[in-house]
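# Results of the structural survey
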Amino acid sequence: MSDDTIPVLVRGWGLKRRGGLWGECLAEFLGTFVLIAFGDGVVAMAVAALPGSGRTEGPTTFFLGTGDWLLITWGWAMAVVFGVYVAGGVSGAHLNPAVTLAFAVRRGFAWVKVIPYMVSQLLGAFVGAALVLGVYAAAIGAFDTASKGPKVNGHTLASFSIFATFPAPYFNGNMWGPLLDQIVGTMFLILLIAAVIDLRNTAVQSNLGPLIVGFAVAAIGMSYGANAGYAINPARDLGPRLLAWIAGWGNLAVPGNGPWFSGYMWVPILGPLIGGVIGVLVYDLFIGDILHARLLKTGGPGAARVPDAAVSDAAAEAAEAAAVRPPGPDTPETDGRGGPRMRRERDTR
C-alpha cells in the first residue's frame, strides 16, 4: 500500500513537527513500549502467570530446568524484533540508550538527538512496564501472597525480577562482576548490530535486520543471561525499575537493595553505556576499517565516498538492529548525520 493511500489520522497542529525530531521521539517511545510490553510480559508469564494458572507444579514453581530459560530468551528476542519493526522506519529504532550513544560516537548520529532519544526510550519503557503490571496484577499478587521468605511491602524478589534485574548470589554482593557482565553483553550486542547493518559486509537482505538482531539478543541471553539478567539496555532496566519502585517494591527497586546485593541500580545503567561504545569501536577496528581499506584499494562502487556510506548505512540500519537497537539513525527522508532511513535501505538493496 503506497503512502498516499493511507489517510492522516491527526491533521493540523503538530503534523509538520511530527515529521522531524518530535516524530522520531514518538517512534522511540512506542518502539520501546512494545519492547518492554513483550519482554517484561514474558517474564511475568514465566514467574507469576503460568504458576498461578495451574500450568506448573505449584503456585510458586517456575524454572524447574535450564530449558525453561529459553522461554525468557526467546520472548525477549521477539520483543526486540517487533519493537524495531514498529519504530524502524521513523527513528531507526534504537530503543536503547547504549545504541544511541554508540552511534553518536561512531556512526554520525546527531548529538543533539541523543538526550531526546534517551528520554523517549525511558518513558516508553516505564509505560510498557506499567501495562504489564496492570495486566498481570492479579497473578503477581497471588504469587507474592503464596511465596515464602523475605518480602518488601508484600512483594518478593522473584516478582521484582519481572521488571528489573539483579546479580546472581554467587557474586556475594560484589558489583565488579555484574558490571563486567553488562559491559561484555552490550559490547556483543552493538558489535553484532554493526555487523548486521553494515552493507559492506555480508549484510542481511530485504528487511530481515530486526529478526537477526533478535537472534543476537537471544544468543546473549543464552550465553550470558544468568549473571545479571542481561539488561544490556539502560532504559529497559531503569524505566521498569522506577515503575516497580512506585508500585511498592521499595528498596528492591531503588536503590536496588536485596538479600545479597546493595545499591545495584547503577550497574545496568553504566555497564551498557560503556559496553556499547566498546562494541562499536571493536567492530570498526577489526572489521569496519578493513572493509573500508578494501573498497579504497579496489576502487569498488562508492569507494571514494566510503566514509559517508559507512556512516549513513550503519546509522540507518543500526536503528533496525538496536533493539535493535538495540540502534539506528534519522528519519526515512533524512540522509544526513543520522544516515538514510530503513526505507531507503530497502530501496537500495
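Throughout this document, residue positions are counted from 1 along each chain, in the order its sequence is written. Residues qualify for local features only when their pLDDT is at least 70, as the model is predicted, and side-chain atom pairs are given and counted only at 80 or more; totals for whole chains, interfaces and linings, by contrast, use all residues. Side-chain figures throughout are based on the complete set of non-hydrogen atoms in the structure, without hydrogens or water.

### Considerations on the overall build of the chain
Helix numbering and strand numbering both begin at the N terminus, where a helix is a DSSP run of H or I of at least 4 residues and a strand a DSSP run of E of at least 2. A tally of helices and strands in the chain yields 11 helices and 0 strands. Partly exposed residues are those whose accessible area sits between 20% and 50% of the maximum for their type, while under 20% is buried and over 50% is exposed, using a 1.4 Å probe and protein chains only. A total of 349 residues make up the chain; the buried ones form 52% of that total. Every residue pair with non-hydrogen atoms within 4.5 Å of one another is taken to be in contact. Put simply, of all contacts in the chain between residues at least 6 apart along the chain, 77% involve residues at least 24 apart. Counting only carbon and sulfur atoms, one obtains 67% of the accessible surface of the chain, whose full area is about 15,100 Å². To measure how exposed things are, a 1.4 Å probe is used in the Shrake-Rupley method; for residues, cover is taken only from the protein chains shown.

### Observations regarding the environment of V267
Among the structural elements, V267 can be located in helix α9 (residues 267-298). Spatially, the C-alpha atoms of V267 and I183 are 9.5 Å apart, while their sequence positions differ by 84 residues. Sequence-distant contacts of V267, that is, excluding residues within four places in its chain, are made with M175, P178, L179, Q182 and P272.

### Here we look at the packing of helix α8 (residues 234-249) against α9
The axes used here are C-alpha line fits, helices contributing only the stretch in contact, and every angle between their N-to-C directions lies in the interval 0 to 180 degrees. α9 packs onto α8 with a crossing angle of 165° between their chain directions and a minimal axis gap of 8 Å. With respect to α9, the element α8 is oriented roughly antiparallel. Of the two elements, α8 crosses α9, and the hand of that crossing is left-handed. Residue-level contacts link P234, D237, L238 and R241 of α8 to P268, I269, P272 and L273 of α9. Amino acids are sorted into nonpolar (Ala, Val, Leu, Ile, Met, Phe, Trp, Tyr, Cys and Pro), charged (Asp, Glu, Lys and Arg) and polar (every other residue, Gly among them). Partitioned by chemical class, the residues of the contact of α8 with α9 number 6 nonpolar, no polar and 2 charged. Roughly parallel here means an angle under 35 degrees, roughly antiparallel means over 145, roughly perpendicular means 65 to 115, and every remaining angle is called oblique. Crossings are sorted by hand: turned counterclockwise from the far helix by less than a right angle, the near helix makes the crossing left-handed, and turned clockwise it makes it right-handed.

### Describing the pattern of salt bridges
Where charged atoms from two side chains of opposite charge come close, those side chains can pair. Each reported salt bridge corresponds to a side-chain nitrogen of Lys or Arg within 4 Å of a carboxyl oxygen of Asp or Glu. Scanning the model with the defined rule gives 6 salt bridges in all. Counted as one network, the salt bridges with shared partners bring together R106, R107 and D284.

### Considerations on the nonpolar core
Within the largest apolar cluster, 65 residues are counted, with the highest numbers of intra-cluster contacts made by W76, I140, F160, I162, F163, I193 and W249. Residue contributions to this core peak at 11 residues, all from helix α4 (residues 114-146). Here, the term nonpolar core denotes a set of buried Ala, Val, Leu, Ile, Met, Phe, Trp, Tyr and Cys residues that are joined through side-chain atoms within 4.5 Å.

### Some words on unusual backbone geometry
Leaving glycine aside, a negative phi is the common case for residues, and trans is the common case for peptide bonds. At the junction of V254 and P255, the peptide bond is cis and its omega measures out at 10° in the coordinates. For P255, the location among the structural elements is in the loop between α8 and α9. Even without a glycine there, the phi angle at A93 is positive, about 55°. Here A93 shows up in the loop between α2 (69-91) and α3 (97-106). Judged by relative accessible area, A93 falls into the buried class, the value being 0%. At I232, a position not held by glycine, the phi torsion is positive, near 40°. Tracing the sequence through the fold places I232 in the loop between α7 (209-228) and α8. Looking at I232, the relative accessible area reads 5%, which means it is buried.

### Here's the deal with the side chain of T32
Within the secondary structure, T32 sits in helix α1 (residues 21-52). Throughout this description, a polar contact denotes any pair of N or O atoms lying within 3.5 Å of each other; where both atoms belong to protein, one of them has to be capable of donating a hydrogen while the other can accept it, and for residues adjacent in sequence the pair is counted only when both atoms sit in side chains. In terms of polar contacts, T32 uses its side chain to reach the backbone carbonyl oxygen of E28, at 2.7 Å. Leaving out residues up to four positions away in the same chain, T32 has contacts with L95, Q121, G124 and A125.

### Observations regarding the packing of α1 against α4
For the pair α1 and α4, interaxial distance at closest approach is 6 Å and the crossing angle is 25°. With respect to their mutual orientation, α1 and α4 come out roughly parallel. Relative to α4, α1 is oriented so that their crossing is right-handed. Broken down by class, the residue content of the contact of α1 with α4 amounts to 23 nonpolar, 6 polar and 3 charged.

### Focus on the packing of aromatic side chains
Side-chain rings of Phe, Tyr and Trp (the six-membered ring for Trp) are treated as a pair once their centres are within 6.5 Å; stacked means planes under 30 degrees apart, edge-to-face means over 60, and tilted covers the remaining angles. Enumeration according to the criterion identifies 13 aromatic pairs in this entry. An angle of 65° between the planes, with centres 5.3 Å apart, marks the rings of F163 and W249 as edge-to-face. Of the two residues, F163 is situated in the loop between α5 (157-160) and α6 (176-197) and W249 in helix α8; the sequence distance between them amounts to 86 residues. When its relative accessible area of 0% is taken as the criterion, F163 is described as buried. Of the residues examined, W249 reaches a relative accessible area of 1% and is grouped as buried. Both rings, one in F166 and one in W260, keep their centres 6.2 Å apart while their planes meet at 65°; by these two values the pair is edge-to-face. One end of the pair, F166, is in the loop between α5 and α6; the other, W260, is in the loop between α8 and α9, with 94 residues separating them in the sequence. On the basis of relative accessibility, which here comes to 27%, the residue W260 falls in the partly exposed class. Through pairs of rings, three or more aromatic residues link up here, namely F62, F63, W69, F143 and Y230.

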